[in-house]
Number of protein chains: 2
Amino acid sequence: MQTSIATVCLSGTLVDKLHAIADAGFDAVEVFEPDLIAAPQTPEEVRALCDRLGLRIALYQPFRDAEGVTEPEFAQVLRRAEAKFELMDRLGVDTVLVCSNVATASIDDDAVSAAQLARLADLAAARGKRLAFEALAWGRFIDDYRRAWRIVERADHPALGVCLDSFHILSRGHDPADIERIPGEKIFFVQLADAPLLSMDVLSWSRHHRLFPGEGGFDLPAFVGHTLRAGYTGPLSLEVFNDVFRQTDPARTARHALRSLTVLEDALGTDARPVPAPHELDQVEIKAQDTDAVAAVLERIGFAPSGRHVTKPAWLYAAGDARIVLNEHNATGTAPHVAGFGIRVDRPEDAAARAERLGAQRAHRRLLAGETDLPAVLAPDGTEILISGPQSGAAWPGEFAGGHGTPDPSIRGIDHVNLTEPAADIEEAVLFYGTALGLTRESSAELAGPAGLVRSQVLRSGDGGVRLALNVVPPLAERTSTTQRHAQHVAIACDDLPGLIGRARARGLRTVPVSANYYDDLGARFDLPPGELERLREAGLLYDRDAAGEYLHCYTETIGTVFFELVERRDRYDGFGAANTPVRLTAQHLSH
Amino acid sequence: MQTSIATVCLSGTLVDKLHAIADAGFDAVEVFEPDLIAAPQTPEEVRALCDRLGLRIALYQPFRDAEGVTEPEFAQVLRRAEAKFELMDRLGVDTVLVCSNVATASIDDDAVSAAQLARLADLAAARGKRLAFEALAWGRFIDDYRRAWRIVERADHPALGVCLDSFHILSRGHDPADIERIPGEKIFFVQLADAPLLSMDVLSWSRHHRLFPGEGGFDLPAFVGHTLRAGYTGPLSLEVFNDVFRQTDPARTARHALRSLTVLEDALGTDARPVPAPHELDQVEIKAQDTDAVAAVLERIGFAPSGRHVTKPAWLYAAGDARIVLNEHNATGTAPHVAGFGIRVDRPEDAAARAERLGAQRAHRRLLAGETDLPAVLAPDGTEILISGPQSGAAWPGEFAGGHGTPDPSIRGIDHVNLTEPAADIEEAVLFYGTALGLTRESSAELAGPAGLVRSQVLRSGDGGVRLALNVVPPLAERTSTTQRHAQHVAIACDDLPGLIGRARARGLRTVPVSANYYDDLGARFDLPPGELERLREAGLLYDRDAAGEYLHCYTETIGTVFFELVERRDRYDGFGAANTPVRLTAQHLSH
């Protein structure tokens, strides 16, 4: 599969973009005309740069408003095309995207469009060029790829084919199965974009909200399958107009973009390897120059110090299956934060290879004699993911020696980890964590806090053993608030939270205070058994209920940029108490 | 007219919000339940705070999913309502918003809804409370205010009336004229929100994109007119869910919100004063610790130094009707930037009073003997607006003495001023400049630059004598780019730009380079007269054309955070060469 991307997907100048695209490892590129026009480089220079970078220019785009026009207008179209074919010669590209007329079309007639495209194709063929005709979703008359193909078929010109763009086809709900009725050699180009399933005008949707494959609601593996079965052998090229990617580091976006094509390729089965699904969260690593304050909170919760690492300034705190490593190694000047987490899988090396295939860097871990080799990779957001297997998962805690004390017996394990991502990076993080760790994306929620709406995306393994929540901080609030920006947290599961919290309080644990008004409202919302509301109020616990069960939870104070949640899931409750988030966010906001 | 606002409009905690609302000058407030629930203050404390701040609590909201339910469910509704009426007692509020059922409605029958609302109203009346029933635009069965009124009419209960929300009515395209068929005393509450005319699902539109009156596409003066003619005498209350306002300074948003009600009041004619429309841009003030570099550019353009101010370290540069004041007064440590501009109107004091009525602060200007008194106000973004009249406009340049030299005769005046606004502040800036200066909002454009899409909003006076453009910088790009953030500029109009630019270049002026590819594309797009393309290329000018005329322009280098555009409008061209903006933004990006 040849990979390609349009320069319009990325921020920066044309030269910035070409470097980013080549560095990420793409085979080819679509040159978006406005990028070339604004560039100080001549077309010859751009061509030479692409040659040096090993990038093929697969498409020049777009050529607009070419058909369905009056004869005087068409004379101007031919004049304009002549200039563009000359430019394409200089650039060394043979295919141009011709999109269906939006602005100047006045004749709604397949015969006229076919005849005009054939005359344009004559001109193109004389210069060794080809036209890929695309039906825009908002074309004045031609807005369906099947009609575009009928016109191309009718024009019957060797220099004229179609361009198929997944957005223009799937956004209109057109059945992509008819692609298989187009001969493969007449599909001159395939462009891919995903998009969230929004109900809005298709032009705004297209111009601002496109996403890379796998991030939205379109079935792109099925779409690409139709093009392959039709016999298409050209590049799969990303054309994603997205307000965020236009503003952020092009090198990072390009890696992210290629990752989406890798995921798509895997989904197509051309290089399928089963993703090893993780069983559980094996550990969480919290890093800081000084982790004492975190250690104190963990001991108050009910963790016991299980020992110091034999070679590193790191300590393991454990209780039940919850293991938290406090690491002061290479952490000069940093406040406590979640630096990484571990997952337990059946075949750790396969899982690490999968993550690397998706562009994750292998993390360096110095291995001394007798230490367990846990493969580790870095997520795009810098989080370290340690991968343990049946043996290594049992072995690594043995590297910590000198533990003492007994953990609280109520603690069971790590319920979930909640990381925060900047708004610019959330799509990348969701795509990476989901596909690299084999987690399923659940519906996202928007939670109102005093500094704005916090978008939260939950990812989970099939059996719920691994739950990861990614929170997006309101971007404008970064200017005014530091509270929500760093709201990473680790949730600890227990059997009997009222009992645990009583003992933890006796050990000195402080939790985020819950307003009295919250309990008044809780009593109004839920018809709780007698005494239950009072017990929750006295214990300072938050409560949620759904048809499957109940959820009790509370939060510790924040140390550095991390805090802990204590949770008890009753019966089959599978949520996160989202309705209580505004209360928690406000209380945290007030405590800063 | 009593003014009110819902706490949900603002960021921060409930106490933050109440202070901001009172400080802005509102009469009343709607308490949004989640704000109260999350607050550590008791309802009694909130009540006492509102008393002290002089804020009446006009509404408690929302009470959801009350009617159209089964009897067992309705028993729970009554139970929940009982708790809320008790809470309202403590809070000292007598009206609660009951919105039409979204989640639990199973019975689509006016008789059932009316009977259940009447029973709820019995309970309310017994506690001295009233229910304002509102049809949500996405109500399960009741989504039209006319049906809500039919149900209220049928229930015929003194403690039951309707709440009318402009968004829920106008977003669905329902005719607001039928409001006049509702007796005024049965309209218990009126909520106002504007919104851009988007084509998207109404729930997302409502939750994220509402705006204050005058900022969107709804005719709110007409809407309010219907409620007044119906006999409504209660508060006009803003309920605006907006992602930006949720994240930004509540005090500033509250002032902005009240300004929108003032504008609405003026439009209703209850306190109408004609806005003095400005005739021209009288001056632009550029401030810096050291303005020498700006002076050098102005002299190269063709301005002549018209003298130094008699009492301040400020210099006037003039040419034709263009006057630029370079001010080093109180500017320690600042780089050159547009600190203010002047407008010429018929009655300066009326214009200043109008701006003050819209919340602008009067700017302090120390007036010494013999100096002209130009009233000045500060826009919310800090820009100083100096207001001159027929006499004072002629007089103030006389305060500058010691000028020399002759300006280039081609320069005519100031064509437009382009200010940049943070994304968080654009709605406020557009509302303020438009209404305070009597400018009309033109359609906005989105311009692609190397660091993201730049949204540009043009405001102009009726005769085009004053043109102001407000650009919004891509918010995420602030992290990576400094180029676009400060792209303020002043456009100088001239008669013969090719002639002027030749002389200016001879005086040493440097302009932003235009790519060769731009001219190739220009030749393809426009069939220019022979030699014209070459003349533009040699002069380094950008070109645009529409049906009304032509536009030639170019840009100087940036000094500090300001640059100059030189423009020639031929015939009746009325745009800004927006198609050329990507070329300019890229060239500026490359020069940094």
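About the thresholds
Residues numbered from 1 in each chain as written. Chains lettered and ligands numbered in written order. Predicted model: local features only at pLDDT ≥ 70, side-chain atom pairs only at ≥ 80, totals over all residues. Heavy atoms only, no water. UniProt positions renumbered as here; feature names shortened; annotations may be inferred. Helix = DSSP H or I, 4+ residues; strand = E, 2+ residues; numbered from the N terminus. Buried < 20%, exposed > 50% of the residue type's maximum accessible area, 1.4 Å probe, protein only. Areas by Shrake-Rupley, 256 points an atom, 1.4 Å probe, with all protein chains shown as cover. Lys, Arg positive; Asp, Glu negative; His and termini not counted. Charge placed at Lys NZ, Arg CZ, Asp CG, Glu CD. Least-squares fit on C-alpha atoms with pLDDT ≥ 70 in both. Contact = heavy atoms within 4.5 Å. Axes fitted to C-alpha atoms, helices over the stretch in contact; angles between N-to-C directions. Parallel < 35°, antiparallel > 145°, perpendicular 65-115°, else oblique. Left-handed = near helix turned anticlockwise from the far one by under 90°. Nonpolar A, V, L, I, M, F, W, Y, C, P; charged D, E, K, R; others polar. Pairing = 2+ DSSP bridges.

Chain A is annotated in an unreviewed UniProt entry as 3-dehydroshikimate dehydratase from Leifsonia shinshuensis. The UniProt entry for chain A carries the following comment under Cofactor (unreviewed entry): "a divalent metal cation". On record in UniProt, under Pathway (unreviewed entry), the comment for chain A is "Aromatic compound metabolism; 3,4-dihydroxybenzoate biosynthesis."

Asks: How do you make sense of the overall build of chain A when you look at a structure like this?
Replies: From N to C terminus, chain A includes 18 helices and 26 strands. Its C-alpha atoms give chain A principal-axis dimensions of about 90 × 60 × 40 Å. The proportion of buried residues among the 592 residues of chain A is 61%. When the accessible surface of chain A is summed, it comes to about 21500 Å², and 49% of that surface belongs to carbon and sulfur atoms. Chain A carries 60 positive and 84 negative side-chain charges, and their two centres are separated by 1 Å.

Asks: Would you take a moment to explain the relation of the copies chain B and chain A for this structure?
Replies: Each of the two chain copies goes to the other by way of a rotation about an axis and a shift along it. If you rotate chain B by 180 degrees and push it 0.0 Å along the axis, it lands on chain A with an RMSD of 0.1 Å. The superposition operator between the copies reduces to a two-fold rotation axis. Measuring from the rotation axis to each C-alpha of chain B, the shortest distance belongs to M200(B), at 1.8 Å. A high fraction, 100%, of the interface residues of chain B reappear at the interface in chain A, so the copies pair face to face through one surface.

Asks: Before we go on, may I ask you to explain the packing of helix α4 (residues 71–91) of chain A against helix α5 (residues 110–126) of chain A in this structure?
Replies: To describe two helices that pack against each other, one gives the angle between their axes and the distance between the axes. Residue and element names in this part refer to chain A. Following both chains from N to C, one finds α4 and α5 inclined at 30 degrees, their axes separated by 10 Å at the closest point. Compared by their axis directions, α4 and α5 come out roughly parallel. Helix-helix and strand crossings are classified by hand; for α4 and α5 the assignment is right-handed. Side by side, α4 and α5 meet where E71, F74, V77, L78, A81, E82 and F85 of the first sit next to Q116, R119, L120, L123 and A124 of the second. Of the residues in the contact of α4 with α5, the class split is eight nonpolar, one polar and three charged.

Asks: I would appreciate a short explanation of the sheet that holds strand β17 (residues 400–402) of chain B in the present structure.
Replies: Two modes of strand pairing occur in sheets, parallel and antiparallel, and in both the strands are linked by backbone hydrogen bonds. Residues and elements named next belong to chain B. The mixed open sheet is built from nine strands, whose spatial order is β14-β15-β16-β13-β9-β12-β11-β10-β17. The open sheet is flanked by β14 (361–362) and β17, the only strands paired with a single partner. As judged from the four bridges shared by strand β9 (residues 280–287) and strand β12 (residues 322–327), these two strands associate in the parallel manner. Residue pairing for β12: E285 is matched across the bridge by V325. Of the strands in this sheet, β9, β10 (304–309), β11 (314–319) and β12 touch helix α11 (residues 292–301), which is tilted by about 160 degrees from β12.

Asks: Would you explain the sheet that holds strand β6 (residues 160–165) of chain A in this entry?
Replies: An order of β1-β2-β3-β4-β5-β6-β7-β8 (chain A) is seen for the eight strands of this closed barrel, with the pairing classed as parallel. Pairwise comparison of adjacent strand axes, ignoring direction, gives a mean angle of 30 degrees for this sheet.

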